[in-house]
Amino acid sequence: MRRRGGARRVLLAALVLLLAVLGAVPAAAAPGTPRPTVDPAAPTPTAPLPGGPPQGSGPGGVTVGGEDLDTRGTVVVDGAPPVPDGIVAAGWLVADAGTGDVLAARDPHGRYYPASTLKTLTLLTLAHRLDPAQVVEGTAEDERMEGSRVGMVTGGRYPVSLLFQALVLQSGNDAANALARAFGGTQATVQAMNATALELGAFDTVAGTPSGLDVAGQSSSPYDLALFFRALVADPLTAGILATPIAEMPGVEGRSTGFQIQNENPLAGYPGGLGGKTGFTDAARHTFVTAAERDGRRLVASVMGTENLPLRAADQAALLLDWGFAVPPSLGGVGTLVGSAADVTPPAPTSSAVPSPAGPADVAAGPPAPSSPASDGPPALGAVALGAAAVAVVVATLIGRRRAMRRTRPAPGAPPPGRRGPPAAGTGASPSTRP
C-alpha cells in the first residue's frame, strides 16, 4: 500500500506539535462512537468476552492500516503460501517491521484483554522518561501485587534500570508497580501509556494498569501489539532490555538474599530472535508478541486469545515468523503498520457539526502525567500532549486537507485484493462487526 505523501505527513506532524504547545484537549471520535474507557469499579473480568471482543477502529471509524484489515477473519497477502496449520489463536498478525507491510492477520483489530503483553507499552512509555540510575524503594504494596512477581521486598533498593529488566525478564507486576510509583503514580502512568498508544496510532489500546492485570474495558489488539514491539526493537535502549539474558536482584538484610533472574521469553533460542513478551490471565488467556531478524529483514508477530493446546502462543508465533520469512518482500502486504497517528487518515466529514472533545484523558482519571526526570532519551509526553494525535486528525479533517482512505470495494464477482479465510471462531460470519 502506498504511504502518505511527505507534505501531508509534515503538515499533520506540525499540527500535533502546535496543539501540544497550546495545551489542546484530546480529539473526539465520531458522534456515537466515543473512545472506550476502563471501568475500575466494575467486577474484574474472569473470562474472555462472550462472543469475542469488540472490533476497534481509528478516528471516525477508519480502519487503521488499510481497509483489508477491516475483518474478523483471516486475510493473507496475494501470492503467499498458505498460512501453516496450528495457528489457532483468535487474533494474530505477522508483519515486516521494516516496511510495515502486514503479511497476514486474523481479527487484527479485535480489542482483546492483553494481559502482560501490555507491559510492552509500559516499557515503551517509561524507558526514556525515568532516570535509569534512580533508586526506587520496595514497599509492602509491591510485595502484595497479584500475579507474577520478581520478588521485591519492603525496604529493598532497586535501580530503575533493574526494574525495567524485572518487568520484561520475569514479567514482574511488582516491578511495574514500582516503576509507576517512580513516575508519579498509577494514574499518571496509565495516562502516559494511553497518550503513547495514540501517538503511535494504536487506537485499539486502552490501558488501565501498568502491569496488564485485567480491568474492565482494558484492551489491545494484535495490530497494536505489533506497533509496540516494532518500536521497542527499533530503539537501542529498549531492544537491549528485551535481549537481556539474566539480571541480579539485590539482597535485603534480614529479609532476603540476592538472587538471579532469567529471561523467560519462550523463544529466546529462536534464530535471529530479538525478544518476546508473554501474557496470561483468566480473561485474556495466552498472549504473546515477538520479533526476529534474518538477512537484514525484521518481522514482528503477535498472538492473542489462545490456549496452550495444541500449540503454545509462542510456538504459534514461531510458525508465523517462519512463514513470514518465506514470503517474498516483493509481494507487499494486505495492510501496513502505521508509523504514527499522523499516518491515520480520517473519513471525510459528512456534516458541518464538530464532535465534542472526549477521549484518552477519560481512560484513567487522575492528575496530569508529570514531566520526565532527566533523561538522554526523547522528551516525555505530558498531559497536554494526551490525545494530540487524535486532535490533529480532527483539525486536518476540518480544513479539508485529507481524504478518506477507504478503497473502493470490488464489484460482485471480482477477486478481492487479499486472500481471505473463514472468520475466527466466535466472531460471527461477517467480515466486520463495525457499523
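The structure presented is a predicted model; accordingly, all values stated were derived computationally and were not measured. (Residues numbered from 1 in each chain as written. Predicted model: local features only at pLDDT ≥ 70, side-chain atom pairs only at ≥ 80, totals over all residues. Heavy atoms only, no water.)

### Quick look at the overall build of the protein chain
What the protein chain contains, in helices and strands, is ten helices and twelve strands. Here the protein chain holds 435 residues, and the buried ones make up 53% of them. (Helix = DSSP H or I, 4+ residues; strand = E, 2+ residues; numbered from the N terminus. Buried < 20%, exposed > 50% of the residue type's maximum accessible area, 1.4 Å probe, protein only.)

### Description of the packing of helix α5 (residues 173-183) against helix α6 (residues 186-200)
Direction vectors running N to C along α5 and α6 enclose 90°, while the axes themselves pass 7 Å from each other. Relative to α6, the element α5 is oriented roughly perpendicular. Across the interface between the two elements, N177, A180 and F183 from α5 touch T186, A188, T189 and A192 from α6. Along the lines of polarity and charge, the residues of the contact of α5 with α6 split into four nonpolar, three polar and no charged. (Axes fitted to C-alpha atoms, helices over the stretch in contact; angles between N-to-C directions. Parallel < 35°, antiparallel > 145°, perpendicular 65-115°, else oblique. Contact = heavy atoms within 4.5 Å. Nonpolar A, V, L, I, M, F, W, Y, C, P; charged D, E, K, R; others polar.)

### Here we look at α5
The buried fraction of α5 amounts to ten of the eleven residues, a majority that puts the element mostly inside the structure. Of the residues making up α5, those classed as buried are N173, D174, A175, A176, N177, A178, L179, A180, A182 and F183. In the segment just after α5, G184 is the residue with positive phi, at about 130°.

### A few points about the pairing of strand β8 (residues 273-281)
As judged from the eight bridges shared by β8 and strand β9 (residues 285-294), these two strands associate in the antiparallel manner. Its bridge partner being in β9, F280 is matched across the sheet by H286. Taking the residues between adjacent antiparallel strands as the criterion, β8 and β9 are bridged by three residues. (Pairing = 2+ DSSP bridges.)

### Some points on the pairing of strand β3 (residues 101-106)
Among the six residues of β3, six are classified as buried, and the element is accordingly described as predominantly covered. Relative to β3, strand β1 (residues 74-76) runs antiparallel, the two being bridged by three bridges. Bridging from a neighbouring strand, V75 pairs with A105 of β3. Pairing geometry for strand β2 (residues 91-96) and β3, over four bridges, is antiparallel. The residue of β3 that forms the bridge with L93 is A105. The hairpin formed by β2 and β3 contains four residues between the paired strands, and G100 there has a positive phi angle of roughly 85°. Of the pairings in the sheet, the one linking β3 to strand β11 (residues 335-336) comprises two bridges and is antiparallel in character. Counterpart to D101 in the pairing with β11 is T336.

### Quick word on the pattern of salt bridges
Under the defined criterion, the tally for this structure stands at eight salt bridges. D96 is the salt-bridge partner of R297, the closest N and O atoms lying 3.0 Å from each other. Here the residue R297 occupies a position in strand β10 (residues 297-306), and D96 occupies one in strand β2, the gap between them amounting to 201 residues. Taking the shortest distance from any N to any O, the salt bridge between R312 and D315 comes out at 3.0 Å. Judged by its relative accessible area of 36%, R312 is partly exposed. Since its relative accessible area comes to 26%, D315 is described here as partly exposed. (Salt bridge = Lys/Arg side-chain N within 4 Å of Asp/Glu carboxyl O.)

### What to know about the confidence of the model for the protein chain
Overall, the predicted model of the protein chain reaches an average pLDDT of 82, with 73% of residues at or above 70. Confidence over residues 1-32 falls short of pLDDT 50; this stretch has 68 contacts with residues more than four positions distant or in other chains. The low-confidence segment residues 352-430, where pLDDT is below 50, has 181 contacts with residues more than four positions distant or belonging to other chains. (pLDDT = per-residue confidence, 0-100.)

### A closer look at unusual backbone geometry
Following L309, the chain continues to P310 via a peptide bond in cis, the omega torsion being 5°. Residue position: P310 is located in the loop between β10 and α9 (313-326). Its identity as a non-glycine residue notwithstanding, A115 has a phi of 55°, on the positive side. When you line up the elements, A115 lands in the loop between β3 and α2 (119-126). The backbone phi angle of D295 is positive, close to 50°, even though this residue is not glycine. Looking at the element boundaries, D295 is found in the loop between β9 and β10. We classify D295 as exposed; its relative accessible area is 85%.

### A closer look at the side chain of T71
You can see T71 is positioned in the loop between α1 (6-22) and β1. When its relative accessible area of 4% is taken as the criterion, T71 is described as buried. A distance of 2.9 Å separates the side chain of T71 from the backbone nitrogen of G73, its partner in a polar contact. (Polar contact = N/O pair within 3.5 Å; in protein donor to acceptor, adjacent residues only side chain to side chain.)

### Describing the side chain of Q55
By the secondary structure assignment, Q55 is in the loop between α1 and β1. Accessibility expressed as a relative area gives 10% for Q55, which makes it buried. At 3.1 Å, the side chain of Q55 forms a polar contact with the side chain of D70.

### Comments concerning the environment of P48
With respect to the helices and strands, P48 occurs in the loop between α1 and β1. Once residues within four sequence positions are removed from consideration, P48 is found in contact with D282, A283 and R285.

### Focus on the packing of α2 against helix α7 (residues 222-234)
Relative orientation of the contacting elements α2 and α7 amounts to 45°, with a least axis distance of 9 Å. In terms of their interaxial angle, α2 and α7 are classed as oblique. When the axes of α2 and α7 are compared, the crossing they make is left-handed. Across the interface between the two elements, T120, L121, L123 and L124 from α2 touch L225, F228, F229, A231 and L232 from α7. (Left-handed = near helix turned anticlockwise from the far one by under 90°.)

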